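Reading the structure
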Amino acid sequence: MRRFLRSGPDPERERLKQELFQFNKTVEHGFPHQPSALGYSPSLRVLAIGTRSGAIKLYGAPGVEFMGLHRENNAVVQIHFLPGQCQLVTLLDDNSLHLWSLKVKVGVSELQEEESFTLRGPPGAAPSATQITVVLPHSSRKLLYLGTESGNVFVVQLPAFRALEDRTITSDAVLQRLPEEARHRRVFELVEALQEHPRDPNQILIGYSRGLVVIWDLRDSRVLSHFLSSQQLENVCWQRDGHLIVSCHSDGSYCQWPMSGDAQQLEALPSCMPYGPFPCKAITKLFWLTTRKGLPFTVFQGGMPRASYGDRHCISVIHGSQQTAFDFTSRVIDFIVLAEVDPTAAFDDPYALVVLAEEELVVIDLVTPGWPPVQLPYLASLHCSAITCSHHVSNIPLKLWERIIAAGSRQSAHFSTMEWPIDGGTSLAPDPPQRDLLLTGHEDGTVRFWDASGVCLRLLYRLSTVRVFLTDTDPSENLHAQGEDEWPPLRKVGSFDPYSDDPRLGIQKIFLCKYSGFLAVAGTAGQVLVLELNDEAAELTVQQVEADLLQDQEGYRWKGHERLCARPGPVSFEPGFQPFVLVQCQPPAVVTSLALHSEWRLVAFGTSHGFGLFDHQQRRQVFVKCTLHPSDQLALEGPLSRVKSLKKSLRQSFRRMRRSRVSSRKRRPGGLLGEVPEASSKVERAGIQNMELAPVQRKIEARSAEDSFTGFVRTLYFADTYVRDSSRHCPSLWAGTNGGTVYAFSLRVPPAERRMDEPVRAEQAKEIQLMHRAPVVGILVLDGHSVPLPEPLEVAHDLSKSPDMQGSHQLLVVSEEQLKVFTLPKVSAKLKLKLTALEGSRVRRVSVAHFGSCRTEDYGEHHLTILTNLGDIQVVSLPLLKPQVRFSCIRREDVSGIASCVFTKYGQGFYLISPSEFERFSLSTKWLVEPRCLVESTETKNHSRPRNGAGPEKAVGRARNSGSQSDGDERSPGPVMEHALLNDERVLKEIQSTLEGDRASSGDWRSRRVAIGYSLSNGGAGQAEDWATRRHPGSRPAAGL
């Protein structure tokens, strides 16, 4: 029984764990998924976005971010800031109103929900009687005017949301106060517009959908003036001085109504149909803004010719003779125009147009001639083309950082030099301690470089691989170009473009060496590009080398997509990363693994058929190795093949079922068939009694070699270690497959002086077959001090200690089911940690991270961070493989979120919570990036409009001033919102699904949430595990802390 006894936890180790590990979900990067409402506070200079899932997000200056979540999982329909206050009101699609406040606590602002209210009608009244259509916060800051579908306007007192029934403006009261000739019952339907008089708070404008507009005196409860248009009313704008009203209508026209003295009925000037005379779509919203130069700005949504351009999403800007219809690639949710804040100013003088589209935010500079777009410091459209892979690089050297920024600045020449106009609040976070890059690969063949150092994820540089290949469209031609005389004057804006010219261009693997500037990019059609950073534009001929992974084996025929054709002759490339060699795998299957060793100038690549090694200095192939099993017919069909072997898939499924039945019969005790349930129940009861003695190990059957994709290469790893004998170490390449096989090749790399003269030679030294044939997802070599080997060139740059080559090295092989340590060079098993047998989980992602202590500056430990198919993250010690902590991070149903997760070298991570958003989390107490900001009421502040000429550099600097570093103190609790992920079917989706041990159902986009406390603090990330436990009853809390 001695082996079942376990020693208790070490108090000193438990204390150290608390100094090293802490789980927090800190910030969401990207564009909110499914936005539904837009709000803006001119006094606070803060923007608010509401979503269909009930979330609201506030953005000010770069680094100033807030997030709130309604109790109900309902769409946010409208957002209105209270004038001059740090408060806003939201209207949900269930007709409820919610009051939110920005309150200062311990020096930072927090977004809290104060009150909620649902407008109730009299007993027996129809629901439409109180269905809110328009919300008007009065300048008194104490009243809300609510227009409804019944035509009544209700008044609600703030902040208690108390309905003032005696002040209700009913449609009957308005009708009685109209002249006899205007009393037509048909003019009253729902309220479309509510506007306060720009100069007189005692007057409001009420616009009804049938075309009637009245000016109502709040003090005397009477109609001061009215007008009746012949077309259905969509919206109304009141000129700044109150002397002109502009109405827009369903036929694509707008009318001007001058306020002439005491005339009770207003007469319209001739109506204007900007894109007539043919039938046009409705103008749903309009701004009429005056300028010091005399000519007003007219900004409106819609109004396009119905027959030819009815499917366009346009916002038009007219100023004198200049007219532009900004054409968006996704539906426009709402827009605002930023203008003079001071209510006593004589002119509006607009300076920026802010448009919230369904897939992106676009800001247009209205001051600079040509109206160029403004570069976003946050709210980037990550999914402008669907994200297919991601790669994180920590602690970028300053020289490489500056070169990437310089290359990216040349791509940003078309942007305005205006400072970011939404600059409310103050970021209190310290400067990021280091420069981090997040690289995302996209379906259209592009790689985007993001500044992931702080709270704001900012685009630095965009690399396109399309120029290397022949496609249907010429990359140099502008598809959106339009002649000067064409009408309407459309101009494409925004970066969202979900369409790819060719799905084979999709990026699947990325590897960047931060020391040498070499970049390897692999794609869907077996293409592997090696690129080098060049500060000047160049015209290059990309050398092409073919790698035949089947090695002319007979009996195999590729049924998938064809390879991409490389562009012949020299190709011009802009400054930045420029390709110099293309390795084309044959068959052209998806590249599933990639490794780059810039010191040896070698790149390794793997597909479902095998792997190869390429010398990119001599530009020659070193070797290829076919890993294809004779039964791997599915590996020859490809993810884009239309001819799927359904019969073979069904046949394999039935074979597995038969094997499981046969094995279960062999394990059954003898007796009649009717006695089997009773016998099995006895065995189960006996098993339950024995659970108290030792952890139960699940029976894991060995996988058959006939299972599909056994030759699928999952991981590649370079190491300078002992492969053949213990007396001499040498460069080596390790490869792990889906069938549980590990291949080791010893390499002979010539010295630098003979590097171009002698070839690199490779010879297979080891082949390890795991007993259960579980897929190998990670390989790592530990030096004599049990420390992971440093990255290539890391020692040469004095950023790491030289590895210990005196002691014996160890090989760590991570499969989906277990972690196993072998001695080198004999490859004898030393330690193992069974995950599947003990916990029922399978490894999906693994990485090495350094965890620093929050109390002792120079103390840190290297550990493995592991993500499982259950969405849990475990930290396991090296080399003893002792579990340290476990956190619930991603919902187990969120298969795509788990597949998109990427770890950093310092205990942080990212995963997609929607196609357009990354959730950032931290496992470390020392490395923590979260928003810490302050927003105060600006009644006494005098904001000036943004200046031109300073350029985006100032905004860029402020965007990076958002990282923070935890000091280990107790953190205030606050829930962190998480969206479920349900991505579209992409390339490799079928392969990923076959790798899932259990076919979990993919979650719904809008996962139901139960808010707790209804307060989200951005001063602390909060106890995310408590939030996850309350949202998902039954889920286990984080262990180990």
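What counts as what
Residues numbered from 1 in each chain as written. Predicted model: local features only at pLDDT ≥ 70, side-chain atom pairs only at ≥ 80, totals over all residues. Heavy atoms only, no water. Helix = DSSP H or I, 4+ residues; strand = E, 2+ residues; numbered from the N terminus. Contact = heavy atoms within 4.5 Å. Areas by Shrake-Rupley, 256 points an atom, 1.4 Å probe, with all protein chains shown as cover. Pairing = 2+ DSSP bridges. Axes fitted to C-alpha atoms, helices over the stretch in contact; angles between N-to-C directions. Buried < 20%, exposed > 50% of the residue type's maximum accessible area, 1.4 Å probe, protein only. Arc of directions from axis to C-beta. UniProt positions renumbered as here; feature names shortened; annotations may be inferred. pLDDT = per-residue confidence, 0-100. Expected span 1.5 Å × (residues − 1). Salt bridge = Lys/Arg side-chain N within 4 Å of Asp/Glu carboxyl O. Phe/Tyr/Trp six-rings, centres within 6.5 Å; stacked < 30°, edge-to-face > 60°. Polar contact = N/O pair within 3.5 Å; in protein donor to acceptor, adjacent residues only side chain to side chain. Disulfide = S-S within 2.5 Å.

Right, let's talk about the overall build of the protein chain for a bit. For the protein chain, the helix and strand inventory stands at eleven helices and 61 strands. By sequence separation, contacts in the protein chain at least 24 residues apart represent 63% of the contacts at least 6 residues apart. Looking at the protein chain as shown, the accessible area adds up to about 44,200 Å², and 48% of this sits on carbon and sulfur atoms.

Moving on: the sheet that holds strand β49 (residues 776-782). Strand order in this open sheet of four strands is β49-β50-β51-β52, and the pairing throughout is antiparallel. Looking at which strands have only one partner, the edges of the open sheet turn out to be β49 and β52 (829-834). In this sheet, neighbouring strand axes are inclined to one another by 15° on average, regardless of whether the strands run parallel or antiparallel. Pairing between strand β51 (residues 818-823) and β52: five bridges, direction antiparallel. Residue pairing in the sheet places Leu-819 in a bridge with Leu-833 of β52.

Cis geometry is found at the peptide bond from Leu-158 to Pro-159, where omega equals 5°. Structurally, the position occupied by Pro-159 is in the loop between β12 (153-157) and β13 (162-163). Look at the link from Leu-878 to Pro-879: it is a cis peptide, with omega at 0°. Within the secondary structure, Pro-879 sits in the loop between β55 (872-877) and β56 (883-888). One non-glycine residue with positive phi stands out, namely Gln-34, at about 55°. Note on placement: Gln-34 falls in the loop between β1 (21-30) and β2 (35-41). Located in the positive-phi region is Asn-95, a residue other than glycine, with phi close to 75°. Along the chain, Asn-95 turns up in the loop between β7 (87-92) and β8 (96-105). Given a relative accessible area of 7%, Asn-95 falls into the buried group.

Strand order in the open sheet formed by four strands is β41-β42-β43-β44, with antiparallel pairing between adjacent strands. Either end of the sheet is taken by a strand with one partner, and the two such strands are β41 (593-597) and β44 (620-626). Within the sheet, the average angular offset between the axes of one strand and its neighbour, ignoring direction, is 10°. Judged from the six bridges that link them, strand β43 (residues 610-615) and β44 form a sheet pairing that is antiparallel.

Attention now goes to helix α1 (residues 11-20). When we look at burial in α1, the residues that qualify are Leu-16, Lys-17, Glu-19 and Leu-20. Along the axis of α1, the buried residues cluster in a sector spanning 160°; they form a single face. For α1, the exposed residues set more than 90 degrees away from the buried face come down to Pro-11 and Gln-18. Of the surrounding secondary structure, the elements contacted by the buried residues of α1 are β1, β53 (843-852), β54 (860-868), β56 and β59 (917-924).

This part is about the UniProt feature "repeat: WD" (unreviewed entry) in the protein chain. The feature "repeat: WD" (unreviewed entry), as annotated in UniProt, sits at residues 433-451 in this numbering. The distance separating the terminal C-alpha atoms of residues 433-451 is 13 Å; by composition the span is 0% helix and 63% strand.

Here we take up the confidence of the model for the protein chain. Here the protein chain averages 83 in pLDDT, while 80% of its residues score no lower than 70. Taking the mean pLDDT of every element in the protein chain, the minimum, 34, falls on helix α9 (residues 952-960) and the maximum, 98, on strand β42 (residues 602-606). Across residues 640-647, confidence stays below pLDDT 50; counting only partners more than four residues off in sequence or on other chains, it has 14 contacts. Confidence over residues 950-1041 falls short of pLDDT 50; this stretch has 259 contacts with residues more than four positions distant or in other chains.

The next point concerns helix α4 (residues 398-411). Spanning 14 residues, α4 covers 20 Å between terminal C-alpha atoms, matching the ideal 20 Å at 1.5 Å per step. Considered for burial, the residues of α4 that qualify are Leu-400, Trp-401, Ile-404, Ala-407 and Gly-408. Projection of α4 onto a plane perpendicular to its axis shows the buried side chains occupying an angular sector of 130°, all on one side.

Let us look at the pairing of β56. With five bridges connecting them, β55 and β56 associate as antiparallel partners. Considered in β56, the bridge of Val-875 is made with Val-885. Between β55 and β56, which pair antiparallel and follow one another directly, the connecting turn spans five residues, one of which, Leu-881, has a positive phi of 55°.

A few words now on the pattern of salt bridges. Oppositely charged side chains are able to pair whenever their charged atoms sit close together. Counted according to the given criterion, the structure contains 33 salt bridges. One salt-bridge network, held together by shared partners, links Glu-12, Arg-15 and Glu-19.

Summed over the entire model, instances satisfying the criterion amount to 26 aromatic pairs. Here Tyr-275 and Trp-487 contribute two aromatic rings whose centre-to-centre distance is 5.6 Å and whose plane-to-plane angle is 45°, an arrangement assigned as tilted. One end of the pair, Tyr-275, is in the loop between β20 (254-258) and β21 (283-289); the other, Trp-487, is in the loop between β32 (458-464) and β33 (490-492), with 212 residues separating them in the sequence. Judged by relative accessible area, Trp-487 falls into the partly exposed class, the value being 48%. Taken together, a centroid distance of 5.8 Å and an interplanar angle of 85° make the contact between Phe-611 and Phe-745 edge-to-face. Here Phe-745 lies in strand β47 (residues 741-748) and Phe-611 lies in strand β43, a separation of 134 residues in the sequence. Among the residues examined, Phe-745 registers a relative accessible area of 6% and is labelled buried. An aromatic cluster is built from Phe-23, Phe-887, Phe-903, Tyr-911 and Phe-921, whose rings are joined through pairwise contacts.

A few words now on the side chain of His-29. You can see His-29 is positioned in strand β1. A distance of 3.2 Å separates the side chain of His-29 from the side chain of Arg-920, its partner in a polar contact. With residues up to four places along the chain from it excluded, the contact list for His-29 reads Leu-382, Gly-454, Val-455, Cys-456, Leu-457, Phe-910, Ser-916, Glu-917, Phe-918 and Arg-920.

Tallied over the entire structure, the rule returns zero disulfides. Among the cysteines around Cys-933, which has no disulfide bond, Cys-456 carries the closest sulfur, lying 9.9 Å off.

With that settled, the discussion passes to the side chain of Gln-527. Here Gln-527 shows up in strand β36 (residues 527-534). Overall, Gln-527 belongs to the buried group, its relative accessible area being 4%. A polar contact of 3.0 Å, which involves the side chain of Gln-527, links it to the backbone oxygen of Arg-504. Sequence-distant contacts of Gln-527, defined by excluding residues within four places in its chain, comprise Phe-469, Arg-504, Leu-505, Gly-506, Val-521, Ala-522, Leu-564, Leu-582, Val-583, Gln-584 and Val-591.

Counting buried positions along strand β46 (residues 728-737) yields eight of ten residues, so the element is predominantly enclosed. Taken together, the nine bridges between strand β45 (residues 713-725) and β46 define a ladder with antiparallel strand orientation. What sits directly across from Ala-719, in β46, is Ser-732. The turn linking β45 back onto β46 is made up of two residues.

For the rest of this paragraph, the subject is the environment of Leu-382. Mapped onto the secondary structure, Leu-382 falls in the loop between β27 (361-365) and β28 (387-393). On the accessibility criterion, Leu-382 (0% relative accessible area) is buried. Spatially, the C-alpha atom of Leu-382 lies 8.9 Å from that of Arg-448, the residues being 66 residues apart in sequence. Excluding residues that lie within four positions of it along the chain, Leu-382 makes contacts with His-29, Gly-30, Ile-387, His-442, Trp-450, Leu-457, Ser-916, Glu-917 and Phe-918.

Positionally, Ala-75 belongs in the loop between β5 (65-69) and β6 (76-81). Taking the relative accessible area as the measure of exposure, Ala-75 reaches 14% and is therefore buried. For the pair Ala-75 and Pro-35, spaced 40 residues apart in sequence, the C-alpha separation works out to 8.9 Å.

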